[in-house]
Every structure is written in structure tokens, then in C-alpha cells.
Amino acid sequence: MFGRLTIEALPLYSAIAMGGALIVVFGTLAVMAAITWMRAWGYLWREWFTSVDHKRIGAMYVILALIMLVRGFIDAIMMRTQQAIAVNSDGYLPPDHFDQIFSSHGTIMIFFMAMPFLTGLINLVMPQQIGARDVAFPYINAMSLWLTASGAALVMVSLVIGKFSTAGWTAYPPYSGIDYSPYVGVDYWVWAVLLSGIGSTLSGINFLVTIIRKRAPGMKLMFMPLFTWTTLCTSVLMAFAFPAVTVVGVLLELDRVAGMHFFTSGDGGNMMNFANLLWIWGHPEVYILILPAFGIYSHTVSTFSGRKLFGYTSLVWATCAIAILSFTVWLHHFFTMGSSANVNSAFGIATMIIAVPTGVKVYDWLFTLYRGRIRFTVPMLYTIAFIVTFVIGGVTGVLLAFPPADYLMHNSTFLVAHFHNMLIPGALFGYFAGLNYWFPKMFGFRLDERWGKRSFWCWVVGFYLAFMPLYMLGFMGMPRRMEHYDVAAWQPYLVVAFLGAVLILVGLTFTIVQIVVSVRRRAELRDPTGDPWNGRTLEWATASPPAPYNFAVIPTVTGRDAFWTMKADGTAWRRPARYEDILIPRNSAFGPLIGAIAFVLGFAAVWHMWWLVALSAVLAAIVVIIRSSNDDTDRLLPAAEVERIETAWLAEVAAAPRPVDEPARGVPSAALPGAAT
Amino acid sequence: MSDATRIGEGPGRRSYLVGLVLALALTAIPFALVQFRLAGTTATVVAIALAALVQVVVHLRFFLHIDFHKTPRENLLALFFAGFLIFVMVGGTLWIMFDLHYRMMP
Ligand code: HEM
Ligand SMILES: [Cu+2]
């Protein structure tokens, strides 16, 4: 009945694990109680959970990402604390628990923090940038969200019931095989990755079709804003790379539960193929994480220096080149597995070549800044910190691309420093920049600048303190994933890294304070026009938050920076001669339902409750069939209603004071001093 | 893209049924080969790979209605792009795994 689930699964084995479990349980209960107390369940269900509006789905993705960022960070600071004290002693975490923590930290940060964050921002912004009313498949979009959420829920549940994997975020066999990891940890990892991976594949396809098919009239490919371009490339990577991780997860699970031998050395199995297949997904994945951030930086850099983006064409081609090259380098993650010099050098050279288009981008951003009228807003600060810090990470990456050097650095903290150097200033800072930049499009008010800046400084300084010592520790020979060590010389560096993590903790707290303060000051911070930063691209042509249909009249595009042109011609915020009825997709319980079924399926599979697995698989199929046979999925928003919404907004735009520190609305960039492009 | 690619206006139910039968047959063959040990190891492996390749073509032809004359050019381009990526992934894997195999021989 309950498979291998017994009372033993509760974390009674250690006080710290018990504490973590209690925090999860009571945290969830507290949130649910608060919602009940505010009588918000009905509102949340009707307006948010069942919503198929891409803006709302985007916002929910971002909220999921922020929650998981907190969880992932708690893991990180626990490891930092352990390593700061565990010289010639056991520290406070037993090895088994420490191993769970680095595994869950890596898994959460990649799959449940970074992926939802970027998917959320894409959802929010990309359809508006191309002048569309929605994504191509709104229901699949909701399903992707809830599949990702169910994967995240599985990881969280593993804190309370059973244990998480100790095999690292990459779960290499043979250690992740049934012989060495007989308990449920690896199964939790596999199912969390499978569920969210299916969600990501579907998102990739959805975005791809949206960009190809739903652009506003006149928006040629080379007129698309850069974030849309990077989304296009990221979506190609998602659609083509994610199936690899799905396959590898399924094969690993078959090895574990069905006694097969894909990755065990019996009956022709080969564990090295696991690393190969995993990284066929894994390397494109890191570009999935970073390309959207590159897109965000391209917008902040041009908006906040009041200039058109330098080298648009080269940025587009660099993005495409990176996307394609990213499929040709995966072996650099296992140079040390023993391939011949020919194989290693081919992949090493391919890796170094990627640095070229990336370097092109850095120069483009620098030249955009050059002689611009720079406004040091929070997104701009993140952008500048990114450019400087990212170059350091890029250089260490090129170093690691050199196989003989990699033989020295492989599995050392040098590598840990390198990839955090790409993931934090590269990806995460980009998402933060995007969050600060586009927040008004989510909720209609800006984020507080002062707390944003405080948080920014803590994050940046904290990052340098936390990760530069790891480069040095790598040179000193410290391996990654060390639970305790006996080299006293390492400790001072690890203490500095711990202090850096503390500073990041302060930064993360300030990020939360920033959101709370902004919610309380939302009247002051309101964005009445929908264009708080004097933006250039079409997402600023809608209200903040946009009406369900985004654009009452689909704009016609004649060039790049379409909204900037509209402001210059005086055609922005123009009342059309006549409004028309608009069809919008109706809300549906389908998304949350599929998510819930998927969660039950995953949980049941982890605990070997096969009857429940079968039952939920059948249920899922039935729900999908019912949903796909329903042809009546849209509702009509009558023209009169559209007119009412638009009139109210346009009146607000007309009454809005012009921001003082910004160039007058509608001034083309060439008219500003020093802005000749 | 024209509306002709929409389901219902394209090739009729017959095409789907033919596709279904072919797909089922191409799935049954490999299973039968393994279950009843109808051929030697190498022959079986080659037959499974061939069945898989033909299966792909069947899906493209009968379910996605790809046709070199009628399908719009950009769809064909996308297909070639997919083919290229699969070539990189599968080709790279074969290269890497055979190289490792060779180096592990006693
Ligand atoms: C916010 C500050 C962060 C801190 C202080 C931090 C700290 C750490 C530490 C201490 C480790 C273990 C290193 C070791 O094995 O010796 C680690 C591993 C890792 N981190 Fe982070 N991290 C942070 C953010 C991130 C982010 C944003 C991501 C991804 C988007 C990330 C992805 C990973 C991955 C993939 C691993 C490898 C896990 C494994 O060994 O299996 N981290 N991090
Ligand atoms: Cu890589």
C-alpha cells in the first residue's frame, strides 16, 4: 500500500534535519493560515492559480524562484559554516547530511531557482516585446509552470519525508546506482528533474512558436528586441537539450528500479555514457541560464544610458553563434574521464571559440555605455557589476578549457569559484536587474531604489568575498564537496568565504525588505504611464500592469526600438479610432490539476507505491484528453469593456507628471547631448 | 505558413491510420527480435537502429505531414537544423564512447 514508506522516513535521526523539516512544515502551515485569515484562497485560486495569462504565470514563476532562492541559499550558508569550522574536526554536520545539502543546493539553484526565474521573466516580457497578446499555447504554459512547481515541491518534501540525494546535482553513477544509493534520495532527484524538465521542454517549444508565429505586423526578425532574440536562442536550447536530461533520468531510474544496466557495469552497461548524456544537456543548460540575462543587460545598458544599443547586428549573431556552439563543447566537463588527446583537444578548442562571440558582446555593451547619459538605477548597477565580474569568470573559463590545466583544476574549488562566477554575476544579477527593471510590468509599481541599492552592494561585495578565496583554495589543492579537512592553511580562506556568504545573506534579506517596503509604498511608486524608465521597446507601450490583452490595437512595427520611434513620432499612447472585441483564453483549473497529479505520481514513484503511480498516470491522461477535447476555451472581452479600460489608462497617462531625472518623453536619442550613435 | 497545414484540412484519417500501423509494426519488430532471439547480437543491434530511423521518417511523413514539395521552406529548414543537432549529439557520443572503449581495451 505505502511501498517502502514507513514511519522511519521522518527525519528523527538528527536534530538539524529535524529542524529543517519543522521549518518547512510550519512555514507552509503559517503561509496557509495567513491566506485563510485574509480569506484570500478564492481570490488566489480564481485570479492566479488558474490563470493562463502569461503575465500572471510569469509572476508566479518569479515568486517560485525567489522562494527557492531562499531555500538554496540556506543550504549554501550551511555549507559555508561547516567548512569554516571543520578543520581537524567534524564540524556540526554529519557527512551524510552535508552531502545532501550540496546536492540539493545545486539542484535547487539550477532547476528551481534559475530556470523558473528566467522562464518567468520571459513569460512576462517577451510576448509584449513582440506586440503579441499572449504566448502561442497559454494552457501548456500553465502546465509548464505547475510541473516545475511540482518538481520543486518534491525537493522540499524530501526534507520532511525521507532524504534527498547525496550524489551531487549531477548524480553520476555508479554512486547514484541502486548498489551505493539504495534509499530514496536519488529517486527524489530523478523525479524532480523529470517533472520540471518536461515543463522546461514545453516552455521552450511554446516560446519558440510564439516568436515565430505571433510577432506584430512589420516586426522582422532583425527588428526584434535583444531579449526576444536571446529568448529565441534559449528556447531552441531548451527544446533540443532538455530531452537529453529527461532520457538520462529515465534510464537511471530504470537501472535503479527495473534492474536494467544502462549505467552499471553489467550486461554491457557503461557508466561513462551517463556523464556524456547528462552534459549533452548540461552545457547547453548553462547557456539557457545565461542568454536571457545577456538579453536583459542589453536592454538595461541602452535604456539607462539613453542610447540605442551599439552593434545590434553583432549582438544577434553572437547570440546565435553561442547557441549553436554550446552544443559542441559538452566534453569539457569530463576531460579527465580519459578520452584521447584528439578528442580532448577538439572539445577544448571548441570551448575556447565560444569566448569570441561572448567577448564581442562585452565590447558592444561597453560601447553602448560610452558617452551615454548613464542613470545609475538598480538594474544599471547590476549591469556594470556584471560586466566587470563576468570578465573574470570568462577568463577562468578559458583557462579551464585547456585540458592540461583542467587536469589540475578538475573537481577543485577553483571550478566551484568559476561556475559561481558565471552563475551569480552572469545569470542571477541579470535576473535581479530584470526584476527591478520589469517589476512595474508585473504589479504596476516600481521597486524601492534605496533598498535595492543596499541589497546590490551586499550582493556584489559578498560575491567577491565568498568566491575569490575559492580560486586561491583551488590553487592550493582543495577539492570540492569537502565535509571536513585537515589542512589548516585552508581555513582562513574558508572563513573569508563564510563572511562573504554572511554578506550575501544580508543582501538577500535586503532584497526581501525591498519588496516589502515597495509593497507598502506602492501608491508612491506607482507607474501610471506604463513607461517608468523612458524605455525603447514595445513592452513599455502597455499599461503597468498590462490589461489582459496587452495591446488594445496590435501595433505596427517599422524598425528597431519600436516604442522609442512611436514616442518620437507622437504616435505613442494614441487613442485608436475604434476598439474591437478581443478574445482571451479563459482561466482553467487544468494547470494546477496536472501539477498536483504529477506531484503525486513523482512522490508515489519515489516510494515505490506502484498502484498510485498507475492511478495518477491514468488520471493525468484523462485530464489531458478532456482538456484537449474542449473547444470552448476563449471568452470575449467586448469592445465597450476594452474602451473603458483603455480610456481610464490614457487619462492617467495624460495626468502623469513627467519624471524629473529623465529626458523628456518622446525625444529621440540623437537629440540628447553625447548620444550620437 | 498556410492554413493547409492545419489538422483536418490536410491529409485525411487514412494517412494517420497508415502511420499508426507502420509505427506499431516498427515498434514490434525490435521487441520481437530481442524477445525471441531471432538474430545474432550485431544483426539485432543494427536492425533496432534501422527500425528507429524508419520510425522517425514515418512520424514525420504520416503524423507531421512533412513533404519536400508542399511543406514551407522554413519548416524544412527547422527540420534540417534539428537533423544537424542530432548529428552533433549522436555523432559526438559515438566518437567519445568508441574512443573511450578503444583506450580501455587491455
Ligand atoms: C548565493 C550565494 C551562493 C553561495 C554562497 C553558494 C555556495 C556554494 C557552496 C559552498 C557549494 C559547495 C562547494 C563545494 O562543493 O565545495 C556550492 C555548490 C554549487 N552551487 Fe552554489 N552558492 C551560491 C549560489 C549559487 C547559484 C546562484 C547557483 C546556480 C544558479 C549555484 C549553483 C551551485 C551548484 C550547481 C553547485 C554544485 C553542487 C554539487 O557539488 O553538486 N550556487 N555553492
Ligand atoms: Cu560547459
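Cut-offs applied
The numbers attached to residues start from 1 for each chain and follow its sequence in the written order. Both sets of labels track the order of writing: A upward for chains, 1 upward for ligands. Reporting in this predicted model follows two pLDDT cut-offs: at least 70 for local features of residues, and 80 or more for side-chain atom pairs to be given and counted; totals over whole chains, interfaces and linings ignore these cut-offs and use all residues. Side-chain metrics in this entry use all non-hydrogen atoms of the structure; hydrogen atoms and water are not considered. For the purposes of this entry, the term helix denotes a DSSP run of H or I that reaches at least four residues, the term strand denotes a run of E that reaches at least two, and both are numbered from the N terminus. Categorising residues by exposure relies on relative accessible area from a 1.4 Å probe, with only protein chains included: less than 20% of the type maximum marks a residue as buried, more than 50% marks it as exposed, and the intermediate range marks it as partly exposed. In what follows, a contact means two residues having at least one pair of non-hydrogen atoms within 4.5 Å. Using a 1.4 Å probe, the Shrake-Rupley method yields the accessible areas, and only the shown protein chains count as cover for residues. What makes a residue near a molecule or strand is one non-hydrogen atom of that residue sitting within 4 Å of it. Each polar contact in these results corresponds to two N or O atoms within 3.5 Å; when the atoms are within protein, one needs to be able to donate a hydrogen and the other to accept it, and residues that are neighboring in sequence are counted only if both atoms are side-chain atoms. Under the scheme applied here, ten amino acids are nonpolar (Ala, Val, Leu, Ile, Met, Phe, Trp, Tyr, Cys and Pro), four are charged (Asp, Glu, Lys and Arg), and all others, including Gly, are polar. Metal-coordinating donors are taken as N, O and S atoms lying within 2.8 Å of the metal, or within 3.2 Å when the metal is Na, K or Ca; because water is left out, some sites can appear incomplete. What counts as buried area is the accessible surface, traced by a 1.4 Å probe, that two parts surrender upon association, with contributions from both included. A pair is scored as a salt bridge if a Lys or Arg side-chain nitrogen falls within 4 Å of a carboxyl oxygen belonging to Asp or Glu. Domain extents, as shown, originate in an automatic or database domain assignment. Nonpolar side chains (Val, Leu, Ile, Met, Phe, Trp, Tyr) within 5 Å and like charges within 9 Å form the patches, drawn only from residues with over 30% relative accessible area and no salt bridge. A four-donor site is called tetrahedral if each angle lies between 85 and 135 degrees; a four-donor site is square planar, and a six-donor site octahedral, when trans pairs exceed 155 degrees and the remaining angles lie between 65 and 115; all other cases are labelled irregular. To get the bend at any residue, fit one axis to the seven residues that end at it and another to the seven that begin at it, then take the angle between the two axes. Pairs of cysteine sulfur atoms within 2.5 Å are identified as disulfides in what follows. Here, the term nonpolar core denotes a set of buried Ala, Val, Leu, Ile, Met, Phe, Trp, Tyr and Cys residues that are joined through side-chain atoms within 4.5 Å. Within 6.5 Å between ring centres, the rings of Phe, Tyr and Trp (the latter by its six-membered ring) count as paired, and their orientation is classed by plane angle as stacked under 30 degrees, edge-to-face over 60, tilted in between. Charge-over-ring placement is defined geometrically: NZ (Lys) or CZ (Arg) within 6 Å of the ring centre, and within 35 degrees of the ring normal. One number per residue, pLDDT, summarises how confident the predictor is, and it ranges from 0 to 100.

**Focus: the overall build of chain B**
And then number 1: Per the secondary structure count, chain B includes three helices and zero strands.
And then number 2: When the helices and strands of chain B are placed in sequence order, the string is α-α-α.
And then number 3: Counting across all 106 residues of chain B, residues that qualify as buried make up 24%.
And then number 4: In chain B, once contacts between residues fewer than 6 apart in sequence are set aside, the share between residues at least 24 apart is 59%.
And then number 5: Total accessible area on chain B is roughly 8,000 Å²; 73% of this is exposed by carbon and sulfur atoms.

**Notes on the site of ligand 1**
Residue and element names in this part refer to chain A.
And then number 1: Around ligand 1, the structure places 22 residues, and the nearest of them are H105, W169, H420, R480 and R481.
And then number 2: Between ligand 1 and the protein, one listed contact pairs a nitrogen atom with a side-chain N or O atom of H420 at 2.7 Å.
And then number 3: Broken down by secondary-structure element, the contributors of at least two residues to the shell around ligand 1 are α3 (54-85), α4 (95-129), α13 (413-443) and α14 (449-475).
And then number 4: Counted by class, the shell around ligand 1 contains 14 nonpolar, five polar and three charged residues.

**Some details on the coordination of the copper ion (ligand 2)**
Residues and elements named next belong to chain A.
And then number 1: Taken together, H283 (ND1), H332 (NE2) and H333 (NE2) make up the full set of protein donors to the copper ion (ligand 2), lying 1.7 to 2.0 Å away.
And then number 2: Accessibility expressed as a relative area gives 5% for H283, which makes it buried.
And then number 3: Of the residues examined, H333 reaches a relative accessible area of 22% and is grouped as partly exposed.

**Some thoughts on the interface of chain A and chain B**
And then number 1: With 22 residues of chain A at the interface, the matching set in chain B holds 16 residues.
And then number 2: Summing the contributions of chain A and of chain B, the shared interface buries around 1,700 Å²; its carbon and sulfur component is 80%.
And then number 3: Ranking the residues of chain A by area buried against chain B places A:F240, A:M272 and A:F327 at the top, with a combined share of 26%.
And then number 4: Remark: the boundary between chain A and chain B carries zero salt bridges.
And then number 5: There are three residue pairs in polar contact (both at pLDDT 80 or more) connecting chain A and chain B.
And then number 6: Listing elements by their share of the side of chain A that touches chain B, those giving two or more residues are α7 (226-258), α8 (272-303) and α10 (341-369) of chain A.
And then number 7: For the side of chain A that touches chain B, the class distribution of residues is 13 nonpolar, eight polar and one charged.

**Re the domain arrangement of chain B**
Residue and element names in this part refer to chain B.
And then number 1: Split by domain assignment, chain B resolves into domain 1 (1-70) and domain 2 (72-106).
And then number 2: Of the roughly 520 Å² buried between domain 1 and domain 2, counting both surfaces, carbon and sulfur atoms make up 77%.
And then number 3: The interface formed by domain 1 and domain 2 contains zero salt bridges.
And then number 4: When grouped by side-chain class, the residues that make up the side of domain 1 that touches domain 2 number four nonpolar, no polar and one charged.

**Quick word on a nonpolar patch on the surface**
Residue and element names in this part refer to chain A.
And then number 1: On the surface, a nonpolar cluster with roughly 540 Å² of combined accessible area is contributed by L22, V25, F26, L29, M32 and W41.
And then number 2: The element contributing the most residues to the nonpolar patch is helix α1 (residues 15-37), with five residues.
And then number 3: With respect to the helices and strands, F26 occurs in helix α1.

**Quick notes on the coordination of the iron atom of ligand 1**
Residues and elements named next belong to chain A.
And then number 1: Looking at the metal site, the iron atom of ligand 1 is ligated by H105 (NE2) and H420 (NE2), spaced 1.9 to 2.0 Å from it.
And then number 2: Of note is the iron atom of ligand 1, whose six donor atoms meet at the metal with angles of 88 to 179 degrees in an arrangement that counts as octahedral. Within this pair, whereas H105 is found in helix α4, its partner H420 is found in helix α13, the two being separated by 315 residues in sequence.
And then number 3: Given the relative accessible area of 13%, H420 is considered buried.

**Here's the deal with the side chain of A:E646**
And then number 1: Along the chain, the position of A:E646 falls in helix α19 (residues 639-655).
And then number 2: Residues contacting A:E646, with those up to four places away along its chain left out, are A:Y549, A:A552 and A:Y579.

**Examining α13(A)**
Side chains that are three or four residues apart share a direction in an α-helix, a result of its 3.6 residues per turn.
Residues and elements named next belong to chain A.
And then number 1: The largest bend along α13 reaches roughly 50 degrees and is located at Y437, with the proline P440 sitting one to four residues downstream.
And then number 2: Within α13, 27 of the 31 residues are buried, which leaves the element mostly enclosed by the surrounding structure.
And then number 3: Sitting at the amino-terminal end of α13 is S412, which places a side-chain oxygen 3.1 Å from the backbone nitrogen of F414.
And then number 4: The first or second residue beyond α13 is G444, which carries a positive phi of 90 degrees.

**Notes on the side chain of A:S203**
And then number 1: Within the element layout of this structure, A:S203 appears in helix α6 (residues 185-213).
And then number 2: If we skip the residues at most four places from it in the chain, A:S203 touches A:Y61, A:T119, A:S144 and A:M238.

**Observations concerning the state of the cysteines**
Residues and elements named next belong to chain A.
And then number 1: Evaluation of the coordinates by the stated rule reveals zero disulfides over all chains.
And then number 2: Sulfur of C233: no disulfide; nearest cysteine sulfur belongs to C320 and is 4.0 Å away.
And then number 3: On the accessibility criterion, C233 (7% relative accessible area) is buried.

**Describing the nonpolar core**
And then number 1: By size, the foremost hydrophobic cluster in this structure holds 200 residues, and its most contacted members are A:F117, A:W281, A:W365, A:Y431, A:W438, A:W459 and B:I96.
And then number 2: With 18 residues, the single largest contributor to this core is α8(A).
And then number 3: Residues in contact with A:W438, not counting those within four places in the same chain, are A:L121, A:L124, A:V125, A:Q129, A:F227, A:I296, A:E539 and A:W540.
And then number 4: With 13 residues, the next largest nonpolar core counts A:A547, A:A552, A:Y579 and A:V642 among its residues.

**A short note on the packing of aromatic side chains**
Residues and elements named next belong to chain A.
And then number 1: One pass over the full model with this rule turns up 50 aromatic pairs over all chains.
And then number 2: Feature note: the residues F117, Y382, F429, Y431, F432, F456, W457 and W459 constitute an aromatic cluster, connected by ring pairs.
And then number 3: Over the ring of W48 we find R56, and its NZ or CZ is 4.6 Å from the ring centre.
And then number 4: R627 extends its terminal NZ or CZ atom over the ring of F590, reaching a point 5.9 Å from the ring centre.

**Things to note about the confidence of the model for chain A**
And then number 1: Scored by pLDDT, chain A has a mean of 93; 97% of the residues are at 70 or more.
And then number 2: Across residues 660-677 of chain A, where pLDDT falls below 50, the model places 37 contacts with residues more than four positions away in sequence or in other chains.

**Quick word on the pattern of salt bridges**
Residues and elements named next belong to chain A.
And then number 1: Under the defined criterion, the tally for this structure stands at 16 salt bridges over all chains.
And then number 2: The shortest N-O distance in the salt bridge between R71 and D75 comes to 3.4 Å. One end of the pair, R71, and the other, D75, are both in helix α3, four residues apart, so they sit about a helical turn from each other. Considered together, R71 and D75 belong to a single accessibility category, that of buried residues.
And then number 3: Of the charged contacts, one joins K567 and D531 as a salt bridge, the two residues approaching to 2.8 Å between their closest N and O atoms. Linking K567 in helix α16 (residues 562-569) with D531 in the loop between α15 (491-520) and α16, this pair joins segments that are 36 residues apart in sequence.
And then number 4: Connected through shared salt-bridge partners, R4, D187 and R256 make up one network.

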